[in-house]
Amino acid sequence: MKKVVKFGGSSLASAEQFKKVKSIIQGDDTRRYVIPSAPGKRYAKDTKITDLLYQCYEMMEQGREYQSVLRKIQDRYEEIIKGLGLKLSLDEEFRKIQEQFQKKAGMDYAASRGEYLNGMVLAEYLEFAFVDAASVIFFREDGTLNVEKTNRSLKECLGKIEYAVIPGFYGAMEDGTIKTFSRGGSDVSGSLVARGIHADMYENWTDVSGFLVADPRIINNPEVIETITYRELRELAYMGASVLHEEAIFPVRSEGIPINIRNTNAPEEKGTMIVESTCRKSKYTITGIAGKKGFASINVDKDLMNSEIGFCRKVLSVFEDQGLSFEHMPSGIDTMTIFVNQSDFEEKEQQVISGIHRAVHPDVIEMESEMALIAVVGRGMKETRGTAGRIFSALAHARVNVKMIDQGSSELNVIIGVKNNDFETAIRAIYDIFVTAQL
Ligand code: ASP
C-alpha cells in the first residue's frame, strides 16, 4: 500500500503545524510521498509566503529595494527551523535565490521557491529524501504539462526511493526554466505524483474537515460529505464550492485513485472520500448544494420557433461572436432562455440584442438581471422519488419565487434559478429539508 499525502499552506505555516504533520505521517507508514505547499497564513491577517515572493520579485523588477521582504521570508523559515530544533541553514539557498532574481529568473521561479524551501525543511524534519519537482514534473514549450515525460520520470525516480518529499506547485520546462501551475497548484502536483507511482490513495490535508454539504458562510456548521463522486464534485465545484484545485482530480480520476480530504488540525476525523464511483448511498438524498449569484437571463420568444431548424444555433452564435459563454439554457415550445454572467454581459448587451434580432427575428426579447443559480447535486436523486417535489415545496414555504428549473438528464443535479435576494434563503430551505430534518 502506498499513499501520497499533500499538505496545504496552513498545515505547514509554523513549527507547531509541522509537528502535527510529522505525527500524521508517522501514524501510518504507507504515507510515503509527501507534497508540501509553501507556508501559508498563521492567522487571518497574515501573508502567505507565496504572496511575499510574488511581491518581492515584482519590487526587484521595478528596481525597488526588495531585500527586506526577502529577509522577512527567510525569517519565517528560520523561525520554523528553530521551532523544530533542526540544524539546517538556508543561507546558501537564499544567496542563490537573490542571484537568480538578479538574473531575472522569472515570476514563476520566484513563487516556486516557497514550496522548494518548505520541501527542504520538511524532508530534513521527517528524515525523508528530497526530490526537486523540477526533476520529475515537466512542461512543454507551450506551457502545457508533458504528461508522458512527467509520468515516466516520477515512476523512475520514486520507484527507487521509499520515502520522499516532493515540493508542490512547480515543475520545469524543456530548457530547465521553472514553471508553476496556477494558484493552489500543489493539489495538482500531488495528483500527478499519485498517478505516477500508482498510489492506492491520495490524501489531501487541509484546514477543513472535508467537503461540506453547503457553504458555511450561509449554513451554520454544515455537515461534511462522507463520500462524493468525481462527477458530483465537478458539478459543485463549477458552482463555486471549492476545496481542491480544479485540475487536481483529472490525473487520479483516470487511474481510479481515490482522494481523501483530511483536516491536519483534526486528524481523527475521516474527512471526505472522492471516488470514481460508489455503491455507497450518500447519507442524505442530496450530496451537496452550491450556487452563484450575478447572472442575467435573456429570454427569446418566437411563435413556431420549435419548427425552425437552426434557431438555437443562430441565437447562440450571437453570444459566441461577442465572446460570451452561457451557463444554462432552459427552453420551452416557443421560447428559449440563456443565462449569462451579468457583468460580462452588461457591456455587450445592446450588441447581443441587435444580433439576435438580425439572426432570428424574434417576437419578443426579455431580460432579467440579478439572478442566482443554485445546483442541488446528488447521485441518490436518481433512485429517489419526490426529490424535486421536496425542493420546490421547501422553496415555496420559504416564500422563494423559482424563476427557472433545469434538471440534467443524468439526474445528477437540479439547477434552480432565483433572484439574488432569495439566494441565501433558498439554500437554507433546501439544506433544512434534506439535511437538518433528517438529523
Ligand atoms: N503556494 C501556492 C499558492 O499559494 C500553491 C499552493 O499552495 O498550492 O497558491
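Here the structure is shown first, and the text comes after it.
Residues numbered from 1 in each chain as written. Predicted model: local features only at pLDDT ≥ 70, side-chain atom pairs only at ≥ 80, totals over all residues. Heavy atoms only, no water.

Chemist: Mind laying out the sheet that holds strand E13 (residues 335-341), listing which residues take part and the relevant values?
Modeler: Strand order in the open sheet formed by 6 strands is E12-E13-E11-E14-E16-E15, with antiparallel pairing between adjacent strands. Of all the strands in the sheet, just strand E12 (326-328) and strand E15 (404-407) have a single pairing partner and so form its edges. Strand-to-strand, the axes of this sheet are offset by a mean angle of 40°, without reference to chain direction. Relative to E13, strand E11 (residues 288-301) runs antiparallel, the two sharing 7 bridges. Looking across to E13, one finds that Ser297 is bridged to Phe339. Lying on the sheet, helix H13 (residues 387-397) is in contact with strand E14 (364-377), E15 and strand E16 (413-419); it crosses E16 at an angle near 15°. (Pairing = 2+ DSSP bridges. Helix = DSSP H or I, 4+ residues; strand = E, 2+ residues; numbered from the N terminus. Axes fitted to C-alpha atoms, helices over the stretch in contact; angles between N-to-C directions. Contact = heavy atoms within 4.5 Å.)

Chemist: Give a description of the pairing of strand E1 (residues 3-7) that names residues and reports values.
Modeler: Counting buried positions along E1 gives 5 out of 5 residues, so the element sits mostly inside the fold. Of the two faces of E1, the one carrying Lys3, Val5 and Phe7 and the one carrying Val4 and Lys6 are both buried. In terms of strand pairing, E1 meets strand E7 (residues 201-206) through 5 bridges, oriented parallel. When the sheet's bridge partners are listed, Val4 is paired in E7 with Tyr202. In this sheet, strand E2 (residues 31-36) lies alongside E1 in parallel orientation, the contact comprising 5 bridges. Note that in E2 the partner of Val5 across the bridge is Val34. Taken together, E1, helix H1 (residues 15-26) and E2 constitute a β-α-β crossover, and its handedness is right-handed. (Buried < 20%, exposed > 50% of the residue type's maximum accessible area, 1.4 Å probe, protein only. Right-handed = clockwise from strand over helix to strand, strands pointing away.)

Chemist: Mind laying out helix H10 (residues 311-321), listing which residues take part and the relevant values?
Modeler: Regarding H10, the residues found buried are Phe311, Val315, Val318 and Phe319. Taken down its axis, H10 places every buried residue within 95° of arc, on the same side. Opposite the buried face of H10, by more than 90 degrees, sit the exposed residues Arg313, Glu320 and Asp321. Each element contacted by the buried residues of H10 is listed here: E11, E13, helix H11 (342-346) and helix H12 (349-360). Gly323 lies just past H10 and shows a positive phi near 70°. (Arc of directions from axis to C-beta.)

Chemist: Explain the site of the ligand to me, using residue names and the numbers behind them.
Modeler: Surrounding the ligand, one finds Ser37, Lys48, Thr50, Glu115, Phe169, Arg183, Gly184, Gly185 and Ser186. Between the ligand and Gly185, the relevant distance is 3.4 Å, taken from an oxygen atom to a main-chain nitrogen or oxygen of the residue. Between the ligand and Ser186, the relevant distance is 3.0 Å, taken from an oxygen atom to a side-chain nitrogen or oxygen of the residue. Its free accessible area being 260 Å², the ligand has 93% of it covered by the protein chains. Looking at the shell around the ligand, its residues break down into 1 nonpolar, 5 polar and 3 charged. (Near = heavy atom within 4 Å. Polar contact = N/O pair within 3.5 Å; in protein donor to acceptor, adjacent residues only side chain to side chain. Areas by Shrake-Rupley, 256 points an atom, 1.4 Å probe, with all protein chains shown as cover. Nonpolar A, V, L, I, M, F, W, Y, C, P; charged D, E, K, R; others polar.)

Chemist: With reference to specific residues and values, describe the sheet that holds strand E8 (residues 227-229).
Modeler: Overall, mixed pairing links the 8 strands, which are arranged E3-E4-E2-E1-E7-E9-E10-E8 in an open sheet. Sheet topology places strand E3 (129-130) and E8 at the edges, where each strand pairs with a single neighbour. Here E7 pairs with strand E9 (residues 259-263) via 5 bridges, running parallel. Among the inter-strand pairings, Glu203 is bridged to a residue of E9, identified as Asn260. Most of the contacts of helix H8 (residues 230-238) go to E8, to which it runs at about 85°, and overall it touches E8, E9 and strand E10 (272-275).

Chemist: Could you give an account of the environment of Phe211, naming the residues involved and the relevant values?
Modeler: Here Phe211 lies in the loop between E7 and E8. Under the relative-accessibility criterion, Phe211 is labelled buried at 4%. With 60 residues separating them in the primary sequence, Phe211 and Asn151 have C-alpha atoms 28 Å apart. If near-sequence neighbours (up to four positions away) are discounted, Phe211 is found in contact with Glu223, Val224, Ile225, Ile228, Leu233, Leu236, Ala241, Val243 and Thr272.

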